[in-house]
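# Structural description and commentary
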Amino acid sequence: MNNKSAITPMRAENYPEWYQQVIVAADLAETSPVRGCMVIKPWGYAIWENIQFVLDKRLKDTGHVNAYFPLLIPLSQLEKEAKHIEGFAKECAVVTHHRLKADDKGGLKPDGVLEEPYIIRPTSETTVGVMYAKWIQSYRDLPVLINQWANVMRWEMRTRLFLRTSEFLWQEGHTAHATEQEAVTETLKILDLYEQFVENILAMPVIKGEKTASERFPGAVSTYCIEALMQDGKALQAGTSHFLGQNFSHAYDIKFIDQEGQLKHAWTTSWGVSTRLIGGLIMSHSDDDGLVLPPAVAPQHIVILPIYKTDADRQTVLAYCDALQQALSKKTFHDRPIRVYQDNRDIRGGDKNWQWIKKGVPIRLEIGPRDVAANSLMVYRRDQAVKERSSVLFTEFVENIENSLNSMQATLFSKAKKFQETHTQTVNNLQDFKTLFNPSNHPDHPDNPDENMTPGFVACYAVDSPEVEAIVKSLKVTARCIPLNQDVPPGKCIFTGKTVSKKTLFAKAY
């Protein structure tokens, strides 16, 4: 093991490679034989299951129900919404044949050309639109509030585990409403739900905002998002909620008779978060010793590590650990039983301990004969230094476990929030903007441009226009969002000099 840290390279040395090595060390996922796709391993998938469990309940509590739509979309369906297909055309995977046959070399080749190609869904607005047109006839059929847990395919050229893979898992909501205001309210309600979920469960602070025109979802009237800031100063889009207006209703003929007997087109929304959240989780909290998990999504809250040398000690220690596990399992955290695992594997204690450190388990408990005799246990918290520990009495630990986990959850959020605040700044002129994102733009800076400079979030007055987009694109920067609820007076765009009412948030991004 490296003397400096469990993960090499460290964050400060090579952040992208550090990220990959954390995934390896925590045994979260690995690349698959299919280019650009990943295999999510049990520890990684357990995190996704916990995300699903909590988010699914919150969606159902707000009146949404789950359904499932086909993986394959006929090309003719996708073609009906021009902006939509244009936005996804380069990312689509296409199925053109419906069977295989043996070739003359002992292999297989595609056979049976389809009359119409199918697209493996990059998102499901088109399929949903076709079905909603059948299901919705009257105002009495509205609203329709459906969510889907599914996989999608987007043919990515440059992939990275969890952050950007050709196939990924997500939930996608699709709703239809009788009025524009109802649809807008739904869009913003989901945005708030995402914000609360990501901040309270994943302990990731986010900024809510509206996307600029160039970053808008293809076919949407407005796209809203939550933006998170990673430890390298780059932004990560953590979730989106789209107000689609009547664009998809016109394209797919989603019409209803209103209360006055008039034929109207429905107003629709769509929204989603994906396994990208796990990538954000890794980069928000983890350190140079491996993964750090907020207790709310950790596959195991506590791991008990028995320590003994003799058979007599073994029996005593394991009996004590069993009693502790049973007592803890009766306790709850976030309205669910506390998850406790007792690691009795016959491997070296040090190796066992470091495996759990790198997996990010929130609390490790070491228990040996002396602890049993003192009716205590040695406690290690993953949000503290690896070697920091405290001896706590059995009953005291069990009684306070919920408070301990809540404390960890709050500590991780507070640390990430402080990082976001200290890496968010405002600029009032174009020269400062360029210098922040690329110090070589400073007149006194002699070096070549550093494409990896990441100052974090930079806020400034900016017009939403192609002219501004071209300037920031040259710096490899994107407009992340126009933050909501801004209490600022109008100001001059630092790029054009035109007056604008709100500031825009810029960053380098994943």
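Residues numbered from 1 in each chain as written. Predicted model: local features only at pLDDT ≥ 70, side-chain atom pairs only at ≥ 80, totals over all residues. Heavy atoms only, no water.

### Notes on the overall build of the protein
Rules: The helix count covers DSSP runs of H or I at least four residues long, the strand count covers runs of E at least two residues long, and both are numbered beginning at the N terminus. Relative accessible area decides the class of each residue, using a 1.4 Å probe on protein chains only: under 20% of the type maximum gives buried, over 50% gives exposed, and in between gives partly exposed. We call two residues in contact when some of their heavy atoms are within 4.5 Å. Accessible areas in this description were obtained via Shrake-Rupley with a 1.4 Å probe; residue shielding takes into account the shown protein chains only. Counted charges follow a simple rule, with Lys and Arg positive, Asp and Glu negative, and His plus the chain ends left uncounted. Working definition for charges: the position is that of NZ of Lys, CZ of Arg, CG of Asp or CD of Glu.
What the protein contains, in helices and strands, is 14 helices and 27 strands. Counting only C-alpha atoms, the protein reaches 80 × 65 × 65 Å along its principal axes. Evaluated residue by residue, the protein yields a buried proportion of 52% over its 510 residues. The contacts in the protein between residues at least 6 apart in sequence include a share of 69% that link residues at least 24 apart. Summed over all atoms, the accessible surface of the protein reaches about 23900 Å², with 49% contributed by carbon and sulfur. Measuring between centres, the 58 positive side-chain charges of the protein sit 2 Å from its 61 negative side-chain charges.

### With respect to the sheet that holds strand β19 (residues 363–367)
What counts, and what does not: Following DSSP output, two strands are said to pair if at least two bridges run between them. To get an axis, a line is fitted to the C-alpha atoms, and for a helix only the part in contact is used. The angle between two axes follows their N-to-C directions and goes from 0 to 180 degrees.
Spatially, the five strands line up as an open sheet ordered β18-β15-β19-β20-β21, and their pairing is mixed. Strands with a single pairing partner mark the edges of an open sheet, and in this sheet they are β18 (340–342) and β21 (390–393). On average, each strand axis in the sheet is tilted by 30 degrees relative to the strand beside it, whichever way the strands run.

### Section: the side chain of Asp 343
Put simply, the test is: Any pair of N or O atoms that falls within 3.5 Å is considered a polar contact. Within protein, one atom must be able to donate a hydrogen and the other to accept it, and sequence-neighbouring residues count only if both atoms are side-chain atoms.
Of note, Asp 343 is situated in the loop between β18 and α10 (349–359). Within the structure, the side chain of Asp 343 is placed 2.7 Å from the side chain of Trp 356, a separation counted as a polar contact. In contact with Asp 343, not counting residues within four places along its chain, are Val 303, Ile 304, Leu 305, Pro 306, Lys 352 and Trp 356.

### Some words on the environment of Asn 406
Of note, Asn 406 is situated in helix α12 (residues 394–422). Each C-alpha atom, one on Asn 406 and one on Pro 294, is 9.4 Å from the other, the two residues being 112 residues apart in sequence.

### A short note on the layout of surface pockets
To find leftover empty space, a probe the size of one water molecule is rolled over the atoms. Threshold: Definitions used for this entry: grid spacing 1 Å over protein atoms alone; cavity, a set of points where a 1.4 Å probe fits but cannot get out; pocket, an open set with protein on both sides within 12 Å along at least 5 of 7 lines; lining residue, one with an atom within 4 Å of a point. Grid points are joined across faces, edges and corners, and a volume is the space filled by probe spheres set on the points. Three residue categories are used. Nonpolar comprises Ala, Val, Leu, Ile, Met, Phe, Trp, Tyr, Cys and Pro, charged comprises Asp, Glu, Lys and Arg, and polar comprises the others, including Gly.
Each pocket or cavity is described by its volume, and for the second largest pocket that value is around 290 Å³. Around the second largest pocket, the lining is made up of 16 residues, and of these Gln 231, Ser 284, His 285, Leu 412 and Lys 415 lie nearest the centre. Contributions of two or more residues to the lining of the second largest pocket are made by α8 (276–285) and α12. No other element matches α12, which puts five residues into the lining of the second largest pocket. Of the residues assigned to the lining of the second largest pocket, the class counts are six nonpolar, five polar and five charged.

### Concerning the packing of aromatic side chains
The test is simple: Pairing of aromatic rings covers Phe, Tyr and Trp, the last through its six-membered ring, and needs centres within 6.5 Å; plane angles under 30 degrees mean stacked, over 60 mean edge-to-face, and all others mean tilted.
Per the stated rule, a full pass over the model turns up 15 aromatic pairs. The interplanar angle of 35 degrees and the centroid separation of 5.0 Å between the aromatic rings of Tyr 15 and Trp 18 together place this pair among those described as tilted. Of the two residues, Tyr 15 and Trp 18 both sit in helix α1 (residues 15–26), three residues apart, roughly one turn of that helix. In terms of burial, Tyr 15 and Trp 18 fall into one category: buried.

### Quick notes on α10
Regarding α10, the residues found buried are Lys 352, Asn 353, Trp 356, Ile 357, Lys 358 and Lys 359. Looking at the packing, one finds that the buried side of α10 touches α1, α2 (42–61), β15 (302–306), β18 and β19. Directly beyond the C-terminal end of α10, a positive phi value near 80 degrees is found at Gly 360.

### Quick word on the sheet that holds strand β27 (residues 503–507)
The sheet built from 11 strands is open, its strands ordered β3-β7-β8-β14-β11-β10-β9-β24-β27-β23-β22 with mixed pairing. Looking at strand neighbours, the two that pair on one side only are β3 (65–66) and β22 (424–426), the edges of this open sheet. The pairing of strand β9 (residues 206–210) with strand β10 (residues 222–229) spans five bridges and is antiparallel. In the sheet register, Glu 210 faces β10, and the bridge partner there is Tyr 224. The sheet contacts of helix α6 (residues 180–200) involve β7 (144–153), β8 (167–177), β9, β10, β11 (235–245) and β14 (267–274), and relative to β14 the element is tilted by about 10 degrees.

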